[in-house]
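The chain contents come next:
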Amino acid sequence: MIKSWLLAFRLKTLTAALVPILVATALVRFEGYDLNYILSVWAVLSATFIQIATNLFNDAIDFTKGADTETRTGPKRVTQSGLITSKTVFIAGSLCCLLAALCGVPLVIQGGYPILVLGLVSITMGYLYTGGPFPLAYKGLGDLFVILFFGLAAVCGTYFIHTGLVSTSSVIAGLQVGFLSTVLITINNLRDSKEDVKVNKLTLAVRFGLTFSRIEILCLYLFTFLLLAYWYFKGAYPAIYLSLITLPLALILIKNIWSNEPSSVYNKYLAKAALIHLLFGVLFSVGLLI
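Predicted, not measured: the structure shown is a model, and the values here were computed from it.

### Description of the overall build of the protein
In step 1: Of the regular secondary structure elements, the protein holds 15 helices and zero strands.
In step 2: Whereas a compact globule of 290 residues would reach a radius of gyration of roughly 19 Å, the protein reaches 18 Å, a difference of no more than 12%.
In step 3: For the protein, the spread of C-alpha atoms along the three principal axes comes to 55 × 45 × 30 Å.
In step 4: Buried positions account for 52% of the 290 residues belonging to the protein.
In step 5: Put simply, of all contacts in the protein between residues at least 6 apart along the chain, 76% involve residues at least 24 apart.
In step 6: Split by element, the accessible area of the protein, about 12900 Å² in all, is 72% carbon and sulfur.
In step 7: Across the protein, the 20 positively charged side chains and the 12 negatively charged ones have centroids separated by 4 Å.

Now the structure itself:
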């Protein structure tokens, strides 16, 4: 049963919760503000529970809507496989939302009403990603959701908790982190496009085709690395040089995606994209702290 729950949590995707908090924390230190590591830990916990809740809701709701079947090429889903009932998975997702809210209490005490609003919206959007009357993932808005909430909101929100400000630097860092997170969902949607079209799940890959999504991935990586130029003018040279270590990995991944049609091999590409996201975040953060 533990293995089934770990499968439902989708551990490889949890870098999307960790990286923005790590980057924001390093940025606070880089810009000379007082840093409270305990607040960053609470932020990581809250973001992680939101990510897990989003994954659980996605697992349960996609199965209910028929998007996940025995023919899917992606990783095994616990509800589709019959390992856990959709009702139980949904309840677990709701519990994770509650835990995210509890972990967010110290953040609200520190950051006030802006953080309260941001937290409540983030938790709600975790459900609305696949649930509700206007599920974002089914309307082609999942990519924008990831940029906004696992990039800008997470980085700028953590930065605000420590400084009381939202700076240009936090927005740039938020965009970079968000772009890298969005690569994951784009690869996922490319892989699942044949199944998604059958249930009217109108991701960008379904709406505009495979070539569009491949170009999207190329652009997401391109803009991530081009934005490193901003940090040159901030004097964050180590952050630039260390981050560029991930560029060859990104180029290889882009080549593989353009060379191969969507299939189970995209599961490996998804794992590589998660690794690039994590490495970039860690190396960039270390560079800011040097």
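### Remarks on the pattern of salt bridges
In step 1: This structure, assessed with the given rule, holds three salt bridges.
In step 2: Measuring nitrogen to oxygen at the nearest pair gives 3.5 Å for the salt bridge that ties K234 to E31. On the criterion of sequence distance, the pair formed by K234 in the loop between helix 12 (228-233) and helix 13 (237-243) and E31 in the loop between helix 2 (15-30) and helix 3 (37-65) is long-range, its members being 203 residues apart.
In step 3: With relative accessibility at 23%, the residue E31 sits in the partly exposed group.
In step 4: For the salt bridge of D192 with R191, the shortest nitrogen-to-oxygen distance reads 2.8 Å. Judged on exposure class, the residue D192 and its partner R191 are both buried.

### Let's talk about the nonpolar core
Among soluble globular proteins, nonpolar side chains are generally buried collectively.
In step 1: Among the nonpolar cores identified, the biggest contains 40 residues, and I187, Y221 and W231 are the most heavily contacted of them.
In step 2: At the level of secondary structure, the elements contributing two or more residues to this core comprise helix 2, helix 7 (142-163), helix 8 (168-191), helix 11 (210-226), helix 12, helix 13, helix 14 (247-259) and helix 15 (266-289).
In step 3: Apart from residues lying up to four places away in sequence, W231 is in contact with L27, S169, I172, A173, Q176, A236, I240, F284 and L288.
In step 4: Judged by nonpolar contacts, the second largest core, of 17 residues, contains L14, I52, I84 and C97.

### Here we look at the side chain of D196
In step 1: Tracing the sequence through the fold places D196 in helix 9 (residues 193-198).
In step 2: Comment: no salt bridge for buried D196; closest opposite-charge side chain is K201, at 4.4 Å.

### A short note on the side chain of R214
In step 1: You can see R214 is positioned in helix 11.
In step 2: The residues contacting R214, other than those within four sequence positions of it, are L190, I257, W258, N260, E261, P262 and Y266.

### Considering helix 11
In step 1: For helix 11, built from 17 residues, the straight-helix expectation of 24 Å at 1.5 Å per residue is met to within 8% by its first-to-last C-alpha distance of 24 Å.
In step 2: S213, R214, E216, I217, L220, Y221, T224 and F225 are the residues of helix 11 that are buried. The buried residues of helix 11 occupy an angular sector of 160° when projected down its axis, which confines them to one face.

Rules of the game
Residues numbered from 1 in each chain as written. Predicted model: local features only at pLDDT ≥ 70, side-chain atom pairs only at ≥ 80, totals over all residues. Heavy atoms only, no water. Helix = DSSP H or I, 4+ residues; strand = E, 2+ residues; numbered from the N terminus. Rg over C-alpha atoms; globule rule 2.2 N^0.38 Å. Buried < 20%, exposed > 50% of the residue type's maximum accessible area, 1.4 Å probe, protein only. Contact = heavy atoms within 4.5 Å. Areas by Shrake-Rupley, 256 points an atom, 1.4 Å probe, with all protein chains shown as cover. Lys, Arg positive; Asp, Glu negative; His and termini not counted. Charge placed at Lys NZ, Arg CZ, Asp CG, Glu CD. Salt bridge = Lys/Arg side-chain N within 4 Å of Asp/Glu carboxyl O. Core = buried A, V, L, I, M, F, W, Y, C linked by side-chain atoms within 4.5 Å. Expected span 1.5 Å × (residues − 1). Arc of directions from axis to C-beta.

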